[in-house]
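# Notes for the structure review
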Amino acid sequence: MERRIIFCMLFFSSSMLLTATPQKLKYRQIIKTIERLEIAVKNEDAELLHTPENPEDGCLLTAMTCFQNETWKLQPKISQENSTFFKQVKILRSPLLRSSDTPCESSCESYKKKGPKDFLKGFAKLMKQVIR
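Residues numbered from 1 in each chain as written. Predicted model: local features only at pLDDT ≥ 70, side-chain atom pairs only at ≥ 80, totals over all residues. Heavy atoms only, no water.

Going by an unreviewed UniProt entry, the chain carries the name Interleukin and comes from Nothoprocta pentlandii. As recorded by UniProt, the Sequence similarities (unreviewed entry) comment attached to the chain reads in full: "Belongs to the IL-15/IL-21 family." (UniProt positions renumbered as here; feature names shortened; annotations may be inferred.)

Take a look at the structure:
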């Protein structure tokens, strides 16, 4: 009987670990994609983007949506990199967080506009916050 209980506990705890791991791996992949884009993004003479900073816990979804909507405005440094660049941007547009019932006071337009590199650094910072 004890063995069954121990087995069940081990099985349950290992299944919980396995369900949490793929999401964290996906977030780490997103961070790596952001880092690759930081190198390839056009920063000079580029459009400024709304960049959420330090969103409250209830506003993470709003901040993430803002980042995802603004990514379409990013442009590559070199026009030959268009296809690879936009494939990476498309990865950032995939759904990352589930919707929350908590209303958020801030909107995307309420955040300061920054250059593309600062925008991507802010996006990576938010992803690291989500991982924790």
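This is not the end of the story, as more comes after the structure.
### Quick notes on the overall build of the chain
Assigned secondary structure in the chain consists of four helices and two strands. Written out in order from the N terminus, the α and β elements of the chain read α-β-α-α-β-α. Put simply, the chain has 132 residues, and 33% of those count as buried. Counting only carbon and sulfur atoms, one obtains 56% of the accessible surface of the chain, whose full area is about 9,200 Å². (Helix = DSSP H or I, 4+ residues; strand = E, 2+ residues; numbered from the N terminus. Buried < 20%, exposed > 50% of the residue type's maximum accessible area, 1.4 Å probe, protein only. Areas by Shrake-Rupley, 256 points an atom, 1.4 Å probe, with all protein chains shown as cover.)

### Quick word on the side chain of Thr33
Along the chain, Thr33 falls in helix α1 (residues 2-40). Residues in contact with Thr33, not counting those within four places in the same chain, are Gln88, Ile91 and Leu92. (Contact = heavy atoms within 4.5 Å.)

### Observations regarding unusual backbone geometry
Located in the positive-phi region is Asp45, a residue other than glycine, with phi close to 55°. Tracing the backbone through its elements, the reader meets Asp45 in the loop between α1 and β1 (49-50). Phi at Asn54 takes a positive value of approximately 45°, unusual for a residue other than glycine. Tracing the chain through its elements places Asn54 in the loop between β1 and α2 (60-70).

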